[in-house]
Amino acid sequence: MSDLFDFDAQVDRYAVMGNPIAHSQSPRIHARFAAQTGQRLDYSAIQVDLGGFSQAVGNFVASRGKGLNITVPFKQEAFMRVTQRTPRAERAGAVNTIKIDKKNLLGDTTDGVGLVTDLIHNHGLSLRQRRILLMGAGGAARGVIEPLMQQKPDYLVIANRTPDKAVALAQLFSDLGTIHGSGYEQLADQQFDLVINATAASLQGEMPELPDECLVEGACCYDMMYGKVTQFMHWAGVHGAGLVVDGLGMLVEQAAESFYLWRGVRPHTAPVIQALRDLNTASRLG
Ligand code: ATR
């Protein structure tokens, strides 16, 4: 068959794998990036059974797929499955992006850079010499510590419901600057310029037990969740925050970083973030 007739077979295939996956915005985001940059590619969402991750990746590689995004609950399994890792993925202990080159699977993590890009470029913040509180000590928190510390904050406090986990995480990253781990009660006399919610509390309609006085006036409160006003965002609004942000920008920025890794082209994120916000508003009103 001539190249002319074999065109569709040459469309590079990408996908996001997770469980559940139906809610994923990634196909929509990458379709917009592709249209905007003139890249011909196909991006789909694949629901993977628990226990079936390695096989699913093998099948995708065999079908000559070019790249994957990995979401909950497979980011640690992806870390184990790849053949090579970027230094930042190594440090985060998780992989959310895989670049496939024949049998070589390069694992990267773009979540942390997504968060920092959203804070700095989309919301105009500087993190230099700021006092930052990161709530949570699971995978979501771990993935953002290195990029946050690269911004040279004054210090970072990691607080967690189970304090030992926060202390262990702070220890693990202690070479990057001043990082303390603690429970929420120990925050009573402290104040922060930026508070980031990386806990799963918002999923249960809850929030960590933050002391009332822990924000400086005009502080920024950032919830990694998106799609609704969380308990924490509501709390922030009535406790002196000057800026309250959800995680939609982080979602689009991490996708842009994955797209760049795969295609070598940086898409414009602002119109995509706006389009998703408009869709979200429309679906809430509809
Ligand atoms: P992820 O990979 O999304 O970070 P995880 O590893 O299960 O998920 O971690 C969830 C985080 O949210 C943990 O820090 C957890 O605190 P514990 O380590 O004490 O379990 C935190 N978390 C979950 N529900 C919470 C709640 N209702 N209040 C405060 N923290 C909560």
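Given the structure is predicted, the values throughout are model-derived calculations rather than measurements. (Residues numbered from 1 in each chain as written. Predicted model: local features only at pLDDT ≥ 70, side-chain atom pairs only at ≥ 80, totals over all residues. Heavy atoms only, no water.)

A. Examining the site of the ligand more closely. Surveying the vicinity of the ligand reveals 14 residues, the closest of which are Asn160, Arg161, Thr162, Lys165 and Glu206. Take Ala137: an N or O atom from its main chain is 2.9 Å from an oxygen atom of the ligand. Taking Arg161, its side chain carries an N or O atom lying 2.8 Å from an oxygen atom of the ligand. Residue classes in the shell around the ligand are distributed as four nonpolar, seven polar and three charged. (Near = heavy atom within 4 Å. Polar contact = N/O pair within 3.5 Å; in protein donor to acceptor, adjacent residues only side chain to side chain. Nonpolar A, V, L, I, M, F, W, Y, C, P; charged D, E, K, R; others polar.)

B. Structural view of the packing of aromatic side chains. For the structure on display, the rule yields five aromatic pairs. On the numbers, 4.6 Å between centres and 35° between planes, the contact of Tyr14 with Trp262 is tilted. Within this pair, whereas Tyr14 is found in strand β1 (residues 12-18), its partner Trp262 is found in helix α9 (residues 248-263), the two being separated by 248 residues in sequence. Residue Tyr14 shares its accessibility class with Trp262, and that shared class is buried. When the ring of Phe232 is compared with that of Trp235, the centres are 6.2 Å apart and the planes differ by 20°; the resulting orientation is stacked. (Phe/Tyr/Trp six-rings, centres within 6.5 Å; stacked < 30°, edge-to-face > 60°. Helix = DSSP H or I, 4+ residues; strand = E, 2+ residues; numbered from the N terminus. Buried < 20%, exposed > 50% of the residue type's maximum accessible area, 1.4 Å probe, protein only.)

C. A look at the sheet that holds strand β5 (residues 97-101). The six strands are arranged β2-β1-β3-β5-β6-β4 in an open sheet whose pairing can be described as mixed. Two strands close off the open sheet at either side, each with one partner strand: β2 (41-47) and β4 (84-85). Note: β4 against strand β6 (residues 104-108), two bridges, orientation parallel. Note that in β6 the partner of Gln84 across the bridge is Leu106. (Pairing = 2+ DSSP bridges.)

D. Fine view of the pairing of strand β3 (residues 67-70). With burial as the criterion, each face of β3 is covered, one bearing Gly67 and Asn69 and the other bearing Leu68 and Ile70. Pairing geometry for β1 and β3, over four bridges, is parallel. Each bridged residue has a counterpart across the sheet, and for Val16 the counterpart in β3 is Asn69.

E. Seen up close, the nonpolar core. Ranked by internal contacts, the top residues of the largest apolar core, which has 27 residues, are Leu115, Leu134, Ile145, Leu148, Leu156, Ile158 and Ile196. Elements supplying a minimum of two residues to this core: α5 (111-122), β7 (131-135), α6 (139-149), β8 (155-159), α7 (163-172), β10 (192-197) and β11 (215-223). Sort the elements by how many residues they give to this core and α6 lands first, with five residues. Non-local contacts of Leu148, meaning those with residues more than four positions away in its chain, are made with Leu115, Val116, Leu119, Leu127, Pro153, Leu156 and Ile196. (Core = buried A, V, L, I, M, F, W, Y, C linked by side-chain atoms within 4.5 Å. Contact = heavy atoms within 4.5 Å.)

F. Structural view of the packing of helix α1 (residues 26-37) against α9. Two elements in contact, α1 and α9, have axes separated by 10 Å at closest approach and are oriented at 55°. The pairing of α1 with α9 is recorded here as oblique in orientation. When you trace α1 past α9, the crossing you get is right-handed. Judged by residue contacts, Ile29, His30, Phe33, Ala34 and Thr37 of α1 engage Leu251, Val252, Ala255, Ala256, Ser258, Phe259 and Trp262 from α9. Partitioned by chemical class, the residues of the contact of α1 with α9 number nine nonpolar, three polar and no charged. (Axes fitted to C-alpha atoms, helices over the stretch in contact; angles between N-to-C directions. Parallel < 35°, antiparallel > 145°, perpendicular 65-115°, else oblique. Left-handed = near helix turned anticlockwise from the far one by under 90°.)

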